[in-house]
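Summary of structural features
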Amino acid sequence: MENFTSKLNEMTLEEKIKIIHAAGLFCNGGVERLGIPALRMSDGPNGVRQEFENDKWIPTGLAGDSVSYLPGNTCLASTWNPELAYYFGQVLGNEARGRGKDIILAPGINIKRTPLCGRNFEYFSEDPVLTGRLAVSLIQGIQDNDVAACVKHFALNNQEFDRTTVEVEVEEKTLHELYLSAFYAALTEGRSLSIMGAYNRYDGSYCCESKKLLQDILREQWHYDGVVISDWGAVHDTEEAALHGIDLEMSVTPDFDNYKMADPLYEKVKNGEIPESVIDEKVSRILNLMEKIRIGNPGRNPGSFNTHSHHRILNRIAEEGIVLLKNEKQHLPLNPEIDSKTPKRILVVGDNATRTHANGGGSAEIKALYEISPLLGICMVTGGNTECQWMPGYYVDNEGDIKGENLAGTLEIRDKGKMDKKQWEEEILPKRKQYLEEVLEAVPDYDEVIFIGGLNHSLDVEGADRPDMKLPYGQDDVISALADATDRLTVVLINGSPVEMPWIDRVHSLIQTSYCGMNGGYALARVLFGEINPSGKLPETYPLRLEDTPTSVYHSYPGEMGKDGHRHVTYSEKLMVGYRYYTSKEVPVLFPFGYGLSYTTFSCSNYHVVVRNMGHIGEFQLTLSCEIQNTGKYDGRETLQLYVGILEEGQPKMALKTFEKVSLSTTEKKEVALILTQKDFAVYSTEKKCFIAKSGTYMLYLGTSANDILYRTSIDLLQDYVLS
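The rules we used
- Residues numbered from 1 in each chain as written.
- Predicted model: local features only at pLDDT ≥ 70, side-chain atom pairs only at ≥ 80, totals over all residues.
- Heavy atoms only, no water.
- Helix = DSSP H or I, 4+ residues; strand = E, 2+ residues; numbered from the N terminus.
- Buried < 20%, exposed > 50% of the residue type's maximum accessible area, 1.4 Å probe, protein only.
- Polar contact = N/O pair within 3.5 Å; in protein donor to acceptor, adjacent residues only side chain to side chain.
- Contact = heavy atoms within 4.5 Å.
- Arc of directions from axis to C-beta.
- Pairing = 2+ DSSP bridges.
- Axes fitted to C-alpha atoms, helices over the stretch in contact; angles between N-to-C directions.
- Salt bridge = Lys/Arg side-chain N within 4 Å of Asp/Glu carboxyl O.

Moving on, we get to the side chain of N145. Locating N145 in the fold gives a position in the loop between α4 (128-143) and β5 (148-154). The exposure class assigned to N145 is buried, which follows from its relative accessible area of 2%. Among the polar contacts made by the side chain of N145, one reaches the main-chain carbonyl oxygen of G141 at a distance of 2.9 Å. With residues up to four places along the chain from it excluded, the contact list for N145 reads G89, Q90, G93, N94, R97 and N301.

Turning to helix α9 (residues 263-270), its buried residues are L265, Y266 and V269. Taken end-on, α9 shows its buried residues confined to a sector of 105°, consistent with a single buried face. The positive-phi residue at the C-terminal boundary of α9 is G272, with phi of around 80°.

Next up on the list: the sheet that holds strand β22 (residues 620-630). Spatial strand order, β21-β22-β25: three strands in an open sheet with antiparallel pairing. The strands lining the two open edges of the sheet, one partner per strand, are β21 (602-613) and β25 (669-677). The average undirected angle you get between the axes of adjacent strands in this sheet is 20°. When β22 meets β25, the two strands line up antiparallel, connected through nine bridges. When the sheet's bridge partners are listed, I628 is paired in β25 with K670.

So, on to the pattern of salt bridges. Taken as a whole, this structure holds 51 salt bridges when the rule is applied. Residue E319 pairs with R526 through a salt bridge whose shortest N-O separation is 2.7 Å. Taken together, the residues span a long stretch of sequence, with E319 in helix α11 (residues 308-320) and R526 in helix α17 (residues 520-528) at a distance of 207 residues. Since its relative accessible area comes to 8%, E319 is described here as buried. The shortest N-O distance in the salt bridge between E627 and K669 comes to 3.9 Å. You can see E627 sitting in strand β22 and its partner K669 sitting in strand β25, a full 42 residues away along the chain.

What follows is about the sheet that holds strand β15 (residues 489-494). Within the open sheet, the six strands sit side by side as β11-β16-β15-β14-β12-β13. Their pairing is mixed. Pairing within the sheet leaves two strands with one partner each, and these edge strands are β11 (323-327) and β13 (386-391). On average, each strand axis in the sheet is tilted by 20° relative to the strand beside it, whichever way the strands run. Across four bridges, β15 lies against strand β16 (residues 509-513) in parallel orientation. Within β16, the position partnered with V492 by the bridge is I511. Here helix α12 (residues 374-382) sits on the sheet in contact with β12 (344-349), β13, β14 (448-454) and β15, set at roughly 170° to β13. Packed onto the sheet, α17 meets β14, β15 and β16 and runs at close to 155° relative to β16.

Let us now look at the pairing of β12. Across the six residues that make up β12, a large majority, five, are buried. Here β12 runs beside β13; their pairing, made up of six bridges, is parallel. Looking at the pairing, V348 lines up with W390 of β13. One ladder, built from four bridges, connects β12 with β14; its direction is parallel. Of the residues in β14, the one forming a bridge with V349 is F451.

Position of S509 relative to the elements: it lies in strand β16. When neighbours within four sequence positions are excluded, S509 is seen to be in contact with K326, N327, H331, L332, L489, T490 and V491.

Written out as structure tokens, the structure is:
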């Protein structure tokens, strides 16, 4: 086993400095004299990114860097399945090693505070418990392959609009209970070996220079001993970054020796302005990481990529990540055939039916080995006894945005990029009218119509937020017209964030998917035609309108420009984010958090609550058990969700604390036990700087979504429990 940490005392100051800043766009410097190699990194929440030249953002063009395209984190979160999250991590970590990487820049776990955030498709949920539990499993899967996970972005990186300079203002209680909770789980339970700082500012400092975040909380309160890596270009000041917690500075420019923690830091140490011991601590942590992922060990996992076993796993994740939102007339699943003599004719409508998404979205882009589109998947599943025809239905007028050619960093710039009135009237409107007329003329000739639309990576994209929650390209008009033209309509939406659905009452069959990876189209087709019973649940609320969202109600997004030249965003909604707001304020929603239907039905009964002390002072365990039975005609899976209501001013009516996904064959019955401990009743004390479960009465809500509560009861805690 290579002992890198023992070599620290042999290094010169120049060699130490090499290790703590980039020597390439995705690597730091090594020390060849001592046999210390560079750390090799790659983006990828959705897979291992293609290779770039060392000092230019130009792909090398090699044929050997095509990889498996994984489902996005929103799709993974929709599975509500920690076991699949572990397998997801196994695939990502194994492919990273197979490509020769040491650190994979994943997962992204920032809370979905506003549905407008362009990067939401990379994140899990509006809820920290769901996010944290899945992230823990994913990280463990990655690191079992001798690869370090790098959980990101720490912290409060909840919008892309002015993301590199925005100052976030949030009360300390909300910070710990909502925005840091999943990070804490990722580091203490998942044991992520590295963490990435964020671009934005907090408490008067950039996050990658924040003493409060990186020293007071991360190192002192949480006792984190892993490596802190800057986001690319997020360091602004040499002394602030060096003294307040960044171990490794990365950026986007090729002048590596001029980075803040390169030659400028070397000069400050030589001049006595910064102690060399500060550098030693950083180098020691990096060398320790190298030992933990077994760099230099002959038995280190070599990894692999594009394997059949990987693709089978990704297929299952895609299948469980698809959410059935409406099936009022039991129109789904579809029958691919009419009879043995007459082929069934299916009309597939929409740009997203044929569009592939792997190569878009910003740093999440993937050079995929392949990607099965929905149309291809439908043809694969239905076979030769079905006739499938595709029509665009709506006109996509911003191909440059989708390909990243016109990517803008602010809402204002994106708005200025819209076409002028002449282009609108002479180009876009005529084509929209033409496409719609062609579809409506064709509809009567088909037995089924499947509309596949939603968003793409012109809106679900790093570096820019969405201007609204509407479907682009006039899709609302197309869906409404199709609903009038046929009662054999199924709507499928592909998007990483909620959208408004003004046509919802006119559509009977609705499926929601996110970006489901390389096998996404095949998985969708298997759900549509009944080979797979959908079991996905929404990891975020779908509000009726943008105006109903808490950031709109509290006027807390996108913030205002301050006199200091920074945009300031005050999280005035506090804990009232997502379902916590909608359930507390009794605001109607389109689809609630945790919601998802099945082709089968379930019933629950025999609820019991048992509380027992664990033999340790300050510890107890509460078990809520029930029996669940599959009462329908299909094998299926249901997810039971346990929420706690903390009767304290400012707390939401209910907050998710645990969940369990249960597989049941037809008529099968199982007993399910959901367990809570004192931490699930705790709130953060700003006075004592810790979490405390206070004595008092608490509500328990067991349901299949935040709005579909099956059982509720109350319990009393007779004493305070202080969490260490």
